[in-house]
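Descriptive structure summary
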Amino acid sequence: MRETLRYAQSDNLAETNSQHIVTLMNSDKASAITIFLSERLQDLLRHGLNGNPIEYRLQRRASIKDIVESLGIPHTEIGAVRVGNLTTDFGFIPEPGQRLQVSEITPPFDVTRPSKLRPAPLPAVRFIVDVNVGRLAALLRLTGFDTAYGNRLDDRHIAALAHDDNRVVLTKDRALLKRSKIVFGRLVRAVLPEDQLTETLQFFGLAGPYNLFSRCLRCNRKLTPVTKAAIRHRLEPKTKKYFTSFKTCPDCNRIYWRGSHCDAMVAKLEKSGLREDSGLFLNCL
Ligand SMILES: [Zn+2]
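Residues numbered from 1 in each chain as written. Predicted model: local features only at pLDDT ≥ 70, side-chain atom pairs only at ≥ 80, totals over all residues.

**A look at the overall build of the chain**
Within the chain, the secondary structure is distributed over 10 helices and 14 strands. Within the chain, the fraction of its 285 residues that count as buried is 31%. (Helix = DSSP H or I, 4+ residues; strand = E, 2+ residues; numbered from the N terminus. Buried ≥ 20, exposed ≤ 12 C-beta atoms within 10 Å, placed from the backbone.)

Here it is as structure tokens:
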């Protein structure tokens, strides 16, 4: 169902875009603005659009946010818009003849600080992960970040949760990031989940220390320490014999201890450049 929904959306966008391509081809200087895109934003231009700067003919009053998104670039990727020496917000409506500089976000991107484009920052760094980068969710939870994920969440639900729950959207879907309810997001570039984790941590300036094994990998709830006596009846004989420190999830009741399964997860983090002996991890099991 979700695929059908996305197909329909991209169809609409393609239609909108084709109008803009015609617009660009027929542009005349009297009603045009000039848009200079920074290098990484040029990579996001919709197929068929190229060249920098772009001469864009105004046909109606439109915000710079709508104009740039019609070129294929989600607003979540934009770090600054300047007209001359002045920075503007997303609601700025360009006038014919103006020259605009549109730049990508420069990492590290601190979502807890206000900016011209995003005056209401997030109270904390929390994520919601789209299904197309789903394995990133477990790695973020493993490193202690509050990360919502559900493989049945469609775009509308992800946008609503991002808005209502103050979360940063991580996805490979540009159409999702163009939704107006989403303020903070990242079009994930890396392919492998371990590289996606590195990319996310670096982009948002999350340098640690990380609360390893502080959240349930299955349901995102914070784990709570539990005495061995309280869960002894649920342990396998070898686990009962060799391990003394345990945590449980208050939601799904899963038990966590430093068994071989945890070592395997830590090994995944090492692929992301996060070594356990680096002093970056807190609250290990
Ligand atoms: Zn759980």
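Moving on from the coordinates now.
**Some details on the sheet that holds strand β13 (residues 255-256)**
Spatial strand order, β11-β12-β13: three strands in an open sheet with antiparallel pairing. In this open sheet, the two edge strands, each paired with only one partner strand, are β11 (224-226) and β13. Sheet analysis places β11 next to strand β12 (residues 246-248), joined by three bridges and oriented antiparallel. Of the residues in β12, the one forming a bridge with V226 is F246. (Pairing = 2+ DSSP bridges.)

**Let's talk about the sheet that holds strand β1 (residues 32-37)**
Strand order in the open sheet made by the five strands is β2-β1-β5-β3-β4, with mixed pairing throughout. Strands at the two margins of the open sheet, each flanked by one partner only, are β2 (54-57) and β4 (86-87). One ladder, built from five bridges, connects strand β3 (residues 78-83) with strand β5 (residues 99-104); its direction is antiparallel. Looking at the pairing, I78 lines up with E104 of β5.

**Some remarks on the nonpolar core**
In this structure, F127, V129, L136, L140, V169 and L170 are the most contacted members of the largest nonpolar core, which totals 39 residues. Only β6 (127-129), α4 (134-142), α5 (155-164), β8 (168-171), α6 (174-177) and α7 (193-203) provide two or more residues apiece to this core. Here this core gets six residues from one element, more than from any other, and that element is α4. Residues lining this core come from more than one domain, with at least three contributed by each of domain 2 (127-207) and domain 3 (224-282). When sequence neighbours within four positions are dropped, the list of residues in contact with V169 reads I128, D130, I158, A162, L176, L177, I182 and G185. (Core = buried A, V, L, I, M, F, W, Y, C linked by C-beta atoms within 7 Å. Domains from an automatic or database assignment. Contact = placed C-beta atoms within 7 Å.)

**Digging into helix α10 (residues 260-271)**
Between its first and last C-alpha, α10 extends 17 Å over 12 residues, near the 16 Å set by a 1.5 Å rise per residue. Two residues or fewer past α10, G273 is found with a positive phi of approximately 85°. (Expected span 1.5 Å × (residues − 1).)

**Considering α4**
Counting buried residues along α4, seven of its nine residues qualify, which places the element largely inside the surrounding structure. Those residues of α4 that are buried are in contact with β6, β7 (147-149), β8, α7 and α10. Positive backbone phi, approximately 95°, marks G144, located one or two places after α4.

**Observations regarding the packing of α4 against α7**
Look at α4 against α7: their axes get within 9 Å of each other, and the N-to-C directions meet at 60°. One way to sum up the angle between α4 and α7 is to call them oblique. Handedness of the crossing formed by α4 with α7: right-handed. Counting all contacts with α4, which are made through R135, L136, L139 and L140, the residues of α7 involved are P193, Q196, L197 and T200. The class makeup of the residues in the contact of α4 with α7 is five nonpolar, two polar and one charged. (Axes fitted to C-alpha atoms, helices over the stretch in contact; angles between N-to-C directions. Parallel < 35°, antiparallel > 145°, perpendicular 65-115°, else oblique. Left-handed = near helix turned anticlockwise from the far one by under 90°. Nonpolar A, V, L, I, M, F, W, Y, C, P; charged D, E, K, R; others polar.)

**Things to note about the pairing of β5**
Where β1 and β5 come together, four bridges link them in parallel fashion. Pairing of F36 across the sheet is with Q101, part of β5.

**Overview of the pairing of β1**
Alternating residues of β1 divide into I33, I35 and L37, all buried, and A32, T34 and F36, none buried. Taken together, the four bridges between β1 and β2 define a ladder with antiparallel strand orientation. Across the sheet, residue A32 finds its bridge partner in β2, namely R57.

**Notes on the confidence of the model for the chain**
The predicted model of the chain averages 88 in pLDDT, with 89% of residues at 70 or higher. In this model residues 1-27 is a low-confidence stretch, pLDDT under 50, and it forms 27 contacts with partners more than four residues away in sequence or in other chains. (pLDDT = per-residue confidence, 0-100.)

**Some words on the environment of D89**
Following the sequence through the fold, D89 ends up in the loop between β4 and β5. Separated by 30 residues in sequence, D89 and P119 place their C-alpha atoms 9.1 Å apart. For D89, the residues in contact, after removing those within four places along its chain, are K116 and L117.

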